[in-house]
Amino acid sequence: MAHVSDLIATDIDAYLEQHQHKSLLRFITCGSVDDGKSTLIGRLLYDSKMIFEDQLAALEADSKKVGTQGGEIDFALLVDGLAAEREQGITIDVAYRFFSTDRRKFIVADTPGHEQYTRNMVTGASTADLAVILIDARKGVLTQTRRHSFLVSLIGIKNVVLAVNKMDLVGYDPKVFEAIVADYRAFAAEIGITDFLAIPISGLRGDNITSASDQTPWYGGPTLMQHLETVEIDEARLQAGPFRMPVQWVNRPNLDFRGFAGQVASGVVKPGDAVKVLPSGRETRVARIVTKDGDLGEAVAGQSVTLTLADEVDCSRGDVIAVAGQPPEVADQFETTVVWMAEEPLLPGRPYWLKVGARTVSATVTEPKYKINVNTLEKLAAKQLELNEIGVCNISLDRPIAFDPYEANHDLGGFILIDRITNATVGAGMIRFALRRSQNIHWQALDVTKATRSAAKGQRPAVLWFTGLSGSGKSTIANLVEKKLQASGRHTYILDGDNVRHGLNRDLGFTDADRVENIRRVGEVAKLMADAGLIVLVSFISPFRSERRLARDLMPEGEFLEVFVDTPLAVAEARDVKGLYKKARAGELKNFTGIDSPYEAPENPEIRVDTTAMSPAEAAELIVRMMDERAPDYSI
């Protein structure tokens, strides 16, 4: 094989062809602050000739200006791109760099060492095939080493390199190296890392990076680059697994073609193979494997293809096409490990979007079973998860999905959680297994339906959700509305916030997490009452938009009417009929909405009532009139 530099100079087309077919290894570097992660990556870029002349000139100038090596080349500056990183000499964000050798292409992620950037490290590790864990030879195994090793194990990275760095500062002493390796091996066994390669290196001096060092004649293993070029990547392991392909797009350019496009997540598929479409479970066979370059005889893990099927089957975006004889499981409740990535805490009971593969579903997270102290691996009781915390939680979905446990297939077992209001990614997680109850609990078919009950009452069921500050007049107005509805012959029931807390929700307090659970329960009760054919009036502060959205999503389109009882805080506090604002101002009542707990006003309520401009009776009249105008069939 011609050397890459010769090919570039003499035959660029041959070089590009060779480059296109190289395998790609994604790996991360992680370790404690100042272990030399950025320096190591900079050295790899430098030694693999991946630095342009102008970059080298800038590096030499920056090394003299802000470097840490006394005027010599500071390789870390090639990676630490943020001004804050350069000034502090630390890595803050995940820095990705590409380089290649004659044998393989690489994408390396330099992940932060600080605990407050755990979410950044998890992001960088999520697509990695290999992890290089650096240890400063002078310091040995530290708390951050243990934390990063645990995260590497949690994410499921199978290939681990223990790079004992800065060997030049301990005189290349083999006893120091051996003691560190023994210490790390004892810890690694506790977290499931049973196989790793230990290499003595100096990122700054280049020892055992791309060529064997004369300073370590006692080390007979491969250099770091030799190992990176030859280690088996996850793609090979996935190709040996059962066939899975999440459907990303249904391709139907005309009436004569219907294909299902996606990337093969694992295994191999050929025309004629028996496959199953999940979660429906319908079986068929693969007719063709279509690409822009023509049909293929087979497709393997990592390839993006379009499959056509022998039969007309119901298959849409988010479904999974899998080998019929060994399909993934289907369930709607799971035990998961969640890494929380948002400033706002994870609140049990709050609805989130969950995206796994190409499928997005509504998900509710239960109270964490426990959270994990990533420094000590201790399991701690937890009511919620804060930024960068990791916990084990049960998750319930609004519909079944096809999945594999994360340890078997990252694509079908890894997910992200998305805030339903902001669409921001707030968490990432790994499915461990389906809960047994998800397989044993089924919907019971009933002959008397919602429509039957509604017809018997001569009305269309609905939920009127009154929201506003304490003292806004919600309960007073809801009571008047119910009297008017009852007088016109309609069947109603009021769920009032204070009344419900005497029974169904008497076990809940007023923390954010308890408020979320309070509204979740009431939303489910309101849904059952509407299913009975009633018009349900719900009078709750319900301060969070997300929970009001949850209640709305439980109801069919048009059956949920949000009534915003709009009263300024100063007016509500001046009324203070129950004396609660006075107690809250005096510090006797914690987590009181409007004082030390937020109220998120509705943005687009169906009905808005301004209590500074109308009396409760006028407000009730307005609400009943608007109900009739919006949907006359709310009446009998």
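We now turn to the structure provided with this report. Just so you know, these numbers come straight off a predicted model, no measurement behind them.

Right, let's talk about the environment of Gly124 for a bit. Position of Gly124 among the secondary structure elements: in helix α6 (residues 118-125). Owing to a relative accessible area of 2%, Gly124 belongs among the buried residues under this scheme.

Spatial strand order, β7-β15-β11-β12-β14-β9-β8: 7 strands in an open sheet with antiparallel pairing. In the strand order of this sheet, the two ends are held by β7 (244-246) and β8 (249-254), each with one partner. Recorded for the sheet is a direction-independent mean angle of 40° between the axes of neighbouring strands. Both β7 and strand β15 (residues 320-323) contribute to a ladder of 3 bridges, which runs antiparallel. The partner of Pro246 across the bridge, within β15, is Val320.

Moving on: the sheet that holds strand β28 (residues 607-610). Strand order in this open sheet of 5 strands is β25-β26-β24-β27-β28, and the pairing throughout is parallel. Strands at the two margins of the open sheet, each flanked by one partner only, are β25 (492-496) and β28. Adjacent strand axes in the sheet meet at a mean angle of 15°, parallel and antiparallel pairs treated alike. By the bridge criterion, 4 bridges tie strand β27 (residues 560-566) to β28 in an arrangement that is parallel. Residue pairing for β28: Phe564 is matched across the bridge by Arg608.

Moving on, we come to the pattern of salt bridges. Pairs may arise between side chains of opposite charge once their charged atoms sit close together. Counting across every chain of the model gives 29 salt bridges. Two residues, Asp553 and Arg420, come together in a salt bridge whose shortest N-O distance is 1.9 Å. Placement of Asp553 in helix α17 (residues 545-553) and of Arg420 in the loop between β22 (414-418) and β23 (425-434) is noted, with a sequence separation of 133 residues between them. Given a relative accessible area of 41%, Asp553 falls into the partly exposed group.

The next thing to look at is the packing of helix α7 (residues 143-155) against helix α8 (residues 174-190). Where α7 meets α8, the axes come as close as 11 Å, and the angle between the chain directions of the two elements is 45°. The angle between α7 and α8 places the two elements in the oblique class. Both α7 and α8 take part in a crossing whose hand is right-handed. Between α7, through Thr145, Arg146 and Ser149, and α8, the contact on the second element is made entirely by Asp183, Tyr184 and Phe187. Among the residues forming the contact of α7 with α8, the class breakdown is 2 nonpolar, 2 polar and 2 charged.

Cut-offs applied
Residues numbered from 1 in each chain as written. Predicted model: local features only at pLDDT ≥ 70, side-chain atom pairs only at ≥ 80, totals over all residues. Heavy atoms only, no water. Helix = DSSP H or I, 4+ residues; strand = E, 2+ residues; numbered from the N terminus. Buried < 20%, exposed > 50% of the residue type's maximum accessible area, 1.4 Å probe, protein only. Pairing = 2+ DSSP bridges. Axes fitted to C-alpha atoms, helices over the stretch in contact; angles between N-to-C directions. Salt bridge = Lys/Arg side-chain N within 4 Å of Asp/Glu carboxyl O. Parallel < 35°, antiparallel > 145°, perpendicular 65-115°, else oblique. Left-handed = near helix turned anticlockwise from the far one by under 90°. Contact = heavy atoms within 4.5 Å. Nonpolar A, V, L, I, M, F, W, Y, C, P; charged D, E, K, R; others polar.

By themselves, these observations are geometric and do not establish any function.
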